[in-house]
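Residues per chain are reported as follows:
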Amino acid sequence: MEKIMSRIKEVANENNGFIRTSQIEELGLSRPMIKKFVDRGLLERVRKGLYILANEIADEYALVQMRNKYAVFSYATALFMLGLSDRTPYVYDITVPQGVNVSFLKKENEQITVYPDKKER
C-alpha cells in the first residue's frame, strides 16, 4: 500500500496536487480501493473523479483550469496572477470561446464570472 501511495503522490505532484480516478486506476487501484483510501483519510475527493492528497489544500485556480481546458483567466484575475495587482480577486474572471458550455463551473463555484471570446478562430 505504501508503494501505491508513493506513486499516487508523484502523479498528484505532477498535476498541481490533483489526481484523477483514471490516473489512480492506471496505477492498479480499483474504484473500491480508491474509496478505501478515502475512508482511511489518505485521499480526499474534491469533485467527481478528482482527488487530492489528504491534508493538502486544493489550489482553486488549478481546479478551475482542470475543470475546463478552454478556460483562460482574464481581467482582474489575470492581473493578479501576473503580479500586476496586489488585490486577491474576489471572483475568478475567465474567458472561454463562444459556445463552450461552462454552466457546470458556475454551479460548482458561484464566484466565477465568464466572458465569451467572440473572435473567429
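Up top you'll find the structure we're talking about.
I will try to describe carefully the structure that is included in this document. (Residues numbered from 1 in each chain as written. Predicted model: local features only at pLDDT ≥ 70, side-chain atom pairs only at ≥ 80, totals over all residues. Heavy atoms only, no water.)

## Quick word on the overall build of the protein
- Scanning the protein for helices and strands turns up six helices and six strands.
- If you list the helices and strands of the protein from N to C, you get α-β-α-α-β-β-α-β-α-β-α-β.
- For the protein, the spread of C-alpha atoms along the three principal axes comes to 50 × 30 × 25 Å.
- Residue burial in the protein is summarised as follows: out of 121 residues, 32% are buried.
- Put simply, of all contacts in the protein between residues at least 6 apart along the chain, 38% involve residues at least 24 apart.
- Accessible area for the protein stands at about 8300 Å²; split by element, carbon and sulfur atoms hold 49% of it.
- The distance from the centre of the 19 positive side-chain charges to the centre of the 16 negative ones in the protein is 6 Å. (Helix = DSSP H or I, 4+ residues; strand = E, 2+ residues; numbered from the N terminus. Buried < 20%, exposed > 50% of the residue type's maximum accessible area, 1.4 Å probe, protein only. Contact = heavy atoms within 4.5 Å. Areas by Shrake-Rupley, 256 points an atom, 1.4 Å probe, with all protein chains shown as cover. Lys, Arg positive; Asp, Glu negative; His and termini not counted. Charge placed at Lys NZ, Arg CZ, Asp CG, Glu CD.)

## A few points about the pairing of strand S5 (residues 92-97)
- Where burial is concerned, most of S5 is hidden: five out of the six residues are buried.
- Two elements, strand S4 (residues 72-73) and S5, share two bridges in a ladder whose sense is antiparallel. Looking at the pairing, Phe73 lines up with Ile94 of S5.
- As defined by bridge partners, S5 adjoins strand S6 (residues 112-117) across six bridges and the pair is classed as parallel. Looking at S6, one finds that Ile94 is bridged to Val114.
- Crossover S5 to S6 through helix H6 (residues 103-108) is right-handed. (Pairing = 2+ DSSP bridges. Right-handed = clockwise from strand over helix to strand, strands pointing away.)

## Quick word on the side chain of Asn109
- Looking at the secondary structure, you find Asn109 in the loop between H6 and S6.
- Of note is the side chain of Asn109, whose polar atom sits 2.9 Å from the backbone nitrogen of Gln111.
- Dropping the residues within four chain positions of it, Asn109 is found in contact with Glu60 and Tyr92. (Polar contact = N/O pair within 3.5 Å; in protein donor to acceptor, adjacent residues only side chain to side chain.)

## Quick word on the sheet that holds S6
- Here three strands make up an open sheet; going across it, the order is S4-S5-S6 and the pairing mixed. A strand with exactly one partner marks an edge of an open sheet, and here the two such strands are S4 and S6.
- Along the sheet, helix H4 (residues 60-67) contacts S4, S5 and S6; its crossing angle with S5, the most-contacted strand, is approximately 20°. (Axes fitted to C-alpha atoms, helices over the stretch in contact; angles between N-to-C directions.)

## Side note on the sheet that holds strand S1 (residues 18-20)
- Strand order in this open sheet of three strands is S1-S3-S2, and the pairing throughout is antiparallel. Each edge of the open sheet is held by one strand with a lone partner, namely S1 and strand S2 (43-47). Strand-to-strand, the axes of this sheet are offset by a mean angle of 40°, without reference to chain direction.
- Note that S2 and strand S3 (residues 50-53) share four bridges and pair antiparallel. Bridge pairing in S3 links Arg45 to Tyr51.
- Contacts from helix H1 (residues 2-14) reach S1, S2 and S3 within the one sheet, and its direction differs from that of S1 by about 110°.

Function cannot be inferred from these measures alone, as they are strictly geometric.
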